[in-house]
Amino acid sequence: MKRIFLNLSFSFVMMFMLSSCLEESDEVYVSYGVIQNWVSNSNYEILTDKGNTLVVTKSNSFQEIEDGKRVLANFEILSDKESNRNVYEVAVKGFYNLLSKPLVRESFILEDESSRRDSIGNDPYTSIYAWFGGDYINIDFEIYFDRFSGEKHLINLVYDDTRASADTLYLSLYQNAYDENPKYGGEYVRGWGRCSFKLSDLLPSDVNSKPVKLTWLEYGYGFKIVERSDSGVFTKGIRSESTGNVMKAGYDNSLTVR
């Protein structure tokens, strides 16, 4: 497997302690997952990428919650409701900023290429770290931004559905920085963010896995722009390649992107 898809030693996760399964603890955990069986903001479930079901009975979060929403939840384990089925009662402390949106198809861009290519942008990242979790590809990134502008950068993952070969999923991560690019002496700083895109819908019902190639633009030495790429094999519903359950200290200071 290539460097990116199973490399968990990226910048903001350096503060985390990885765990392959949930254990009884008074620690606070962070897990990627999807909201399901929503009744109220203190009565719903989260299906994590490791296949655990978190039954939420307490919540300190005031963010909008709805079925199907992709979240990175900060929670405390209250008890094992059904330990043989990996079901846990939890108290949610909050949600971290997690951008999740449909993939953009290359064929859609080509319908009005000049306008849509300009809208989606082609600005570089400073670093990218990606891995598979559940039915998703999760991507953590660093970008330059103007700390005083308040501009939300636009992030999109493009699936090239025009390729002749159906053996590989070709993906490209794009950014529209709205002219917020680093300048010497300017007020540009590095910030990190995270996004998550569902890949399982790209596979036919009779196909369980496919190779994936991800490309993006990145700043190299002296702000020279270079193209980077990496690859791995995505399998629908796979749990062993997810980030697992991670424990974090501190506060979320990630960028808000769209």
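Note: the structure precedes this text.
Residues numbered from 1 in each chain as written. Predicted model: local features only at pLDDT ≥ 70, side-chain atom pairs only at ≥ 80, totals over all residues. Heavy atoms only, no water.

Draft legend 1. Local environment of the sheet that holds strand 13 (residues 188–198). Across the sheet, four strands lie side by side as 7-13-10-9; this open sheet has mixed pairing. At either end of the open sheet lies a strand with only one pairing partner, and these are strand 7 (99–100) and strand 9 (127–133). Across two bridges, the pairing between strand 7 and strand 13 is parallel. Counterpart to L99 in the pairing with strand 13 is C195. (Pairing = 2+ DSSP bridges. Helix = DSSP H or I, 4+ residues; strand = E, 2+ residues; numbered from the N terminus.)

Draft legend 2. Main features of the layout of surface pockets. In this structure, the largest pocket encloses a volume near 280 Å³. Contributing to the lining of the largest pocket are 18 residues, with L171, S172, Y174, T215 and E227 lying nearest its centre. Breaking the lining of the largest pocket down by element, the ones donating at least two residues are strand 12 (169–176) and strand 14 (209–219). When residues of the lining of the largest pocket are assigned to their parent elements, the largest contribution, six residues, is made by strand 12. Taken together, the residues of the lining of the largest pocket break down into eight nonpolar, four polar and six charged. (1 Å grid on protein atoms, 1.4 Å probe; cavity = no way out; pocket = protein on both sides within 12 Å on 5 of 7 lines; lining within 4 Å. Points joined across faces, edges and corners; volume = space filled by probe spheres on them. Nonpolar A, V, L, I, M, F, W, Y, C, P; charged D, E, K, R; others polar.)

Draft legend 3. Highlighting the packing of aromatic side chains. Evaluation of the coordinates by the stated rule reveals seven aromatic pairs. Ring plane angle 25 degrees and centroid distance 6.0 Å describe the contact between Y29 and F75, whose orientation is recorded as stacked. Of the two residues, Y29 is situated in strand 2 (residues 28–40) and F75 in strand 5 (residues 70–82); the sequence distance between them amounts to 46 residues. For Y29, a relative accessible area of 6% translates into the label buried. For F75, a relative accessible area of 1% translates into the label buried. Ring centres of Y32 and W131 lie 5.6 Å apart, and the angle between their planes is 80 degrees; this geometry places the pair in the edge-to-face category. Of the two residues, Y32 is situated in strand 2 and W131 in strand 9; the sequence distance between them amounts to 99 residues. Cation over ring: R116 sits above F108, and NZ or CZ is 3.8 Å from the ring centre. (Phe/Tyr/Trp six-rings, centres within 6.5 Å; stacked < 30°, edge-to-face > 60°. Buried < 20%, exposed > 50% of the residue type's maximum accessible area, 1.4 Å probe, protein only. Lys NZ or Arg CZ within 6 Å of the ring centre and 35° of its normal.)

Draft legend 4. Geometry of the sheet that holds strand 15 (residues 225–235). Taken together, five strands build an open sheet; the order of strands is 8-11-12-14-15 and the sheet is mixed. The open sheet is flanked by strand 8 (104–105) and strand 15, the only strands paired with a single partner. Of the pairings in the sheet, the one linking strand 8 to strand 11 (residues 154–159) comprises two bridges and is parallel in character. Residue R105 lies in a different strand from strand 11, and its bridge partner there is Y159.

Draft legend 5. Seen up close, the environment of F145. Within the secondary structure, F145 sits in strand 10 (residues 136–146). Taking the C-alpha atoms as reference points, F145 and V189, 44 residues apart in sequence, are found 5.7 Å from one another.

Draft legend 6. Fine view of the pattern of salt bridges. Per the stated rule, a full pass over the model turns up nine salt bridges. In this structure, E76 and K93 form a salt bridge, with 3.2 Å as the shortest nitrogen-oxygen distance. With E76 in strand 5 and K93 in strand 6 (residues 87–96), this pair connects stretches of sequence that are 17 residues apart. The class for E76 is partly exposed, based on a relative accessible area of 22%. (Salt bridge = Lys/Arg side-chain N within 4 Å of Asp/Glu carboxyl O.)

Draft legend 7. Quick look at the pairing of strand 2. Taken together, the five bridges between strand 2 and strand 3 (residues 43–48) define a ladder with antiparallel strand orientation. Bridge assignment links V34 to a residue of strand 3, and that residue is L47. Connecting the antiparallel pair strand 2 and strand 3 is a turn made up of two residues.

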